[in-house]
Amino acid sequence: MTSLTEKDKATVRAFWGKVSGKAEDIGMDALSRMLIVYPQTKTYFAHWKDQSPGSASAKKHGITVMSGVADAVTKIDNLKGGLLNLSELHAFTLRVDPANFKIISHNILVVMAIMFPNDFTPQVHVSMDKFLAALALALAEKYR
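The structure reproduced in this document is the subject of the present report.

Reading the values: the criteria
Residues numbered from 1 in each chain as written. Predicted model: local features only at pLDDT ≥ 70, side-chain atom pairs only at ≥ 80, totals over all residues. Heavy atoms only, no water. Phe/Tyr/Trp six-rings, centres within 6.5 Å; stacked < 30°, edge-to-face > 60°. Helix = DSSP H or I, 4+ residues; strand = E, 2+ residues; numbered from the N terminus. Buried < 20%, exposed > 50% of the residue type's maximum accessible area, 1.4 Å probe, protein only. Contact = heavy atoms within 4.5 Å. Polar contact = N/O pair within 3.5 Å; in protein donor to acceptor, adjacent residues only side chain to side chain.

Let's talk about the packing of aromatic side chains
Tallying each qualifying case throughout the model produces three aromatic pairs. An angle of 65° between the planes, with centres 5.8 Å apart, marks the rings of Phe15 and Phe120 as edge-to-face. A residue pair is termed long-range when its members are at least 10 positions apart, and Phe15 in helix α1 (residues 6-19) and Phe120 in the loop between α6 (99-115) and α7 (122-139) qualify at 105 residues. Of the two residues examined, Phe15 and Phe120, each falls in the buried class. Taking 4.4 Å as the distance between ring centres and 35° as the angle between the ring planes, the aromatic pair formed by Phe45 and Trp48 counts as tilted. On the accessibility criterion, Trp48 (13% relative accessible area) is buried. These aromatic residues form a ring-pair network of at least three members: Phe15, Phe116 and Phe120.

And the structure:
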């Protein structure tokens, strides 16, 4: 995995500053997209009454996911240490396959590109991709 440079970190912080006001929409759209494109991920949400795109459950969990992303932006200099509790939760309580972190990361990137086409430059794309990969790796830390 390529590590985040100081330039990447600055790019992520600046881009997050622009898009964070739409985090709820990004989260709902990314989660809804994930459930459609990767239907195997629905198994983790079998307890939801409605798994359809845009459902109240998808919106609520999208907010939760993006709150985690927002927290990770603030802990960008130490993702593994800063997200240890979240890693433990996903590994031991929720038992989420860590491959799903890459899937949701991809969907977040797609939605950001759609929602912010003028701001989602190639450099932002590279930096956000590296950041989300580092975030996924940090979340998978307790699986080892």
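A short note on the environment of Met66
Note on placement: Met66 falls in helix α3 (residues 56-74). For Met66, a relative accessible area of 2% translates into the label buried. Not counting the four nearest positions on each side in its chain, Met66 is found in contact with Trp16, Ala23, Ile26, Gly27, Ile108 and Met112.

A short note on the side chain of Thr11
In this structure, Thr11 sits in helix α1. For Thr11, a relative accessible area of 16% translates into the label buried. Only 2.8 Å separates the side chain of Thr11 from the backbone oxygen of Lys7, close enough to count as a polar contact. If we skip the residues at most four places from it in the chain, Thr11 touches Gln123, Val124 and Ser127.

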